[in-house]
Amino acid sequence: MRAQFVFSEVWIGLRRNLTMTIALIVVVAISLSLLGTGLLFVKQVDNTRSFWQSRVQISVYLCTNNDLGSNCAKNGAVTDAEIASIKNDLLATHDVAAGGLHFESQAEAWKQFQQEEAGQPILKYTQPDQIPSSFEVRLKNTEQDAAVVSQTVEGAPGVSQVVDNSSILNNFYKLLDGARNAVVIIAAFLLVAAILLVANTIRLSAFNRRRETSIMRLVGASNFYVQLPFLVEGMIAGLFGWLVATGLLILVKSIWLNGLHQYFPYGIQLSTADLIEVIIVAMITGLLICGSTSFLTLRRYLRV
Amino acid sequence: MIHFDNVTKTYANQGRPALENVNLDVEKGEFVFLVGPSGSGKSTFLRLVLKEERPTTGRIHVAGKDLARLTNWKVPHLRRRIGCVFQDFRLLPNKNVYQNIAFALEVIGKPRRFIRKVVPEVIDLVGLEGKRDRMPDELSGGEQQRVAMARAFVNRPMILLADEPTGNIDPATSIGIMKVLDRINRTGTTVVMATHDAAIVDSMRKRVIELEYGKVVRDQSRGVYGQAY
């Protein structure tokens, strides 16, 4: 195998249909970066899910003196007996994670409130006894258990409001899932376009070099030797497309996804390892698509 | 070297066979003219030897190999033992004389040191000394055909097939081409030349096989072109 010969043939081939090669690189780059963006989305959603999974999922707010909610208005502030009963009810569901039940007293809640709203005017108009005490509940298995647990304590004496955080997050998830699906569908279409372009480029290249290939066959070059330059040509275009896609993906992650975290200041950022994994998947996809398409096209056009 | 055993070749969508019940033997080192009008089956014969086509019926042996049993991936190895020259030269226009000849060795993976040694030798053999850097369009027809012969011969094939090699060349230049073919033949290479050129066949006095409508109508040693008429 004479590598130098193969690469000079590849270089000639790529240069001869430069426009097709550029079109191919662009389409491969865009489809791979969209595919990669879709994969980053998937990872983002997973990360966000598992982040919330390990945190408070249901908050049970208890009545205060001035709570006007229907359940609180007649009975007034929650009593110690009611607190104990609610706690028992929650534990009796067996859905609460081990150590996942925390009672936050009014004093603690007030401290928290002061911290969160430091410097805000609302602090002046709020009294400590207006901030409700609550049970912060972490569940064993959110999706299924959340409804059961909320129903258990909903409307019980002393309970003002049950907030299921996961139901709030579900909307957020839906948004992310929708965006991800859109990106993946577009990527799929573009990958089909990329396949057709690879096939067309290789066909043009085979046509441009039909003199060479006919002589190669005549003097007894092996099929592998005849096809290798075309195969390498397709793979190199794929490789360049992948390089561009890698740049775009790094941009997507560093500018856009990281920008998203300004609004969600939680530890759910994608790691560099996630990015590298997605980039590797994109490379394998790109090389596989370009290589196998070239190979299959050649089988049609370079028969012995 | 070439053995045809009752070979018939019918192309799809054609009533009359291109070759019909052809039996013939070409021995090692022979020089054979294949003559006959257009459409008599000369080209089909050459294509069958190269396994570019498969016979409809009958058996073909080339260089000791039964072509029917030769798997597709071994066909290239068969072709390395057969050189080919055509009426239209089939040179690569963007490569010079040396590169055109070297190409045939590069694509079968020969080492560069070997190529550097044998290409100049074969350039001398076909009489193109001092023209190794010329491009094909700077050469006369006869010179281009010499390059093509050098390319066909550079890998020292056992058989050289020539399909009307003098068809595009004037008679005076053709004599030079025939001298090169004769020189190649003297190295022990079997030469099969399909031609229309009566003057050349008559002057060489080699074995002549005449085809007509796909059948062998004459096979004589030291023959001439038009004896059957």
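Residues numbered from 1 in each chain as written. Chains lettered and ligands numbered in written order. Predicted model: local features only at pLDDT ≥ 70, side-chain atom pairs only at ≥ 80, totals over all residues.

(A) Molecular detail of the overall build of chain B. When helices and strands are tallied, chain B shows seven helices and 10 strands. The C-alpha radius of gyration of chain B comes to 17 Å, within 12% of the 17 Å expected for a compact globule of 229 residues. Buried residues in chain B amount to 43% of all 229 residues. Of the contacts made within chain B by residues no fewer than 6 positions apart, 68% connect residues no fewer than 24 positions apart. (Helix = DSSP H or I, 4+ residues; strand = E, 2+ residues; numbered from the N terminus. Rg over C-alpha atoms; globule rule 2.2 N^0.38 Å. Buried ≥ 20, exposed ≤ 12 C-beta atoms within 10 Å, placed from the backbone. Contact = placed C-beta atoms within 7 Å.)

(B) Summary view of the domain arrangement of chain A. The assigned domain composition of chain A is domain 1 (3-52 + 170-301) and domain 2 (54-165). Relative placement of domain 1 of chain A and domain 2 of chain A: their C-alpha centres are 51 Å apart. (Domains from an automatic or database assignment.)

(C) How the structure looks around the interface of chain B and chain A. Facing the 16 residues of chain B at the interface are 15 residues of chain A. Ranked by the residues each element gives to the side of chain B that touches chain A, the list is headed by helix α2 (residues 75-79) of chain B, at four residues.

(D) Main features of the sheet that holds strand β2 (residues 19-26) of chain B. Residues and elements named next belong to chain B. Spatial ordering of the open sheet is given by β2-β1-β4-β5, a layout of four strands whose pairing is antiparallel. Whereas interior strands pair on both sides, the edge strands pair on one side only; in this sheet they are β2 and β5 (65-66). Note: strand β4 (residues 57-62) against β5, two bridges, orientation antiparallel. Bridging from a neighbouring strand, V62 pairs with K65 of β5. (Pairing = 2+ DSSP bridges.)

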